[in-house]
Amino acid sequence: MDAPDLPPWLELTADPIADPTAGTVVVPGADARSRADLFGLLAQVLDLPEWFGRNWDALADCLLDRDDAGPLALRVDDAEQLLADEPPAQLATLLRLCDDVWSHGRYPFRLVLRTTGDRLPALGRRVRTGLSWAGRGSR
């Protein structure tokens, strides 16, 4: 569901689950309903350094300073659950962080938010609201 109003680093999809390609890290949205859950999961799947402070600034630092090589695609399955237990501004913060990583990181970055077809429109609205709050909006 790439749409002209989504940034180039972001994909919303209802495509069936496929084996991840090289450089893709898969996160289950059901396990990332809060910031603490998301930070813990990302620390594990991305093998973040011990100094990772489990906050947005530390996550940005880790993703921007990746020197382990190569592109990163972060795929969130059941993405409608991503940060669902947090205030909506937290999704906006994550989206702003992703935009910064895409714009300023050493390697290509992509965020793929995957859900079912019936949940895709609501996810799209939530993401577009988050992008608007993040100051990213339509380009």
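Definitions and cut-offs
- Residues numbered from 1 in each chain as written.
- Predicted model: local features only at pLDDT ≥ 70, side-chain atom pairs only at ≥ 80, totals over all residues.
- Heavy atoms only, no water.
- Helix = DSSP H or I, 4+ residues; strand = E, 2+ residues; numbered from the N terminus.
- Buried < 20%, exposed > 50% of the residue type's maximum accessible area, 1.4 Å probe, protein only.
- Contact = heavy atoms within 4.5 Å.
- Salt bridge = Lys/Arg side-chain N within 4 Å of Asp/Glu carboxyl O.

Peer 1: Tell me about the environment of Pro-16, and name the residues and values.
Peer 2: Among the secondary structure elements, Pro-16 is positioned in the loop between β1 (10-13) and β2 (24-28). Take Pro-16: its relative accessible area is 68%, and that puts it in the exposed class.

Peer 1: Let's hear about helix α1 (residues 35-45): which residues, and what values?
Peer 2: Burial in α1 covers these residues: Leu-38, Phe-39, Leu-41, Leu-42 and Ala-43. In this fold, the buried residues of α1 make contact with β2, α2 (56-64), β3 (72-77) and α3 (88-104). Phi for Asp-47, located one or two positions after α1, is positive at around 50 degrees.

Peer 1: Break down unusual backbone geometry for me, citing the residues and quoting the values.
Peer 2: Positive phi, normally seen in glycine, also occurs at Asp-78, with a value near 55 degrees. With respect to the secondary-structure elements, Asp-78 resides in the loop between β3 and α3. Here the phi dihedral of Leu-83 falls at roughly 55 degrees; this positive angle occurs in a residue that is not glycine. Relative accessible area serves as the criterion here: at 1%, Leu-83 is assigned to the buried category.

Peer 1: Run through the pattern of salt bridges, naming residues and quoting values.
Peer 2: Applying the stated rule across the entire model yields 6 salt bridges. Asp-5 is the salt-bridge partner of Arg-128, the closest N and O atoms lying 2.7 Å from each other. With Arg-128 in helix α4 (residues 120-133) and Asp-5 in the segment before β1, the pair connects residues that are 123 residues apart, well separated along the chain. Put simply, Arg-75 and Asp-77 hold a salt bridge, and the shortest N to O gap is 2.9 Å. The two residues Arg-75 and Asp-77 agree in class, both being buried.

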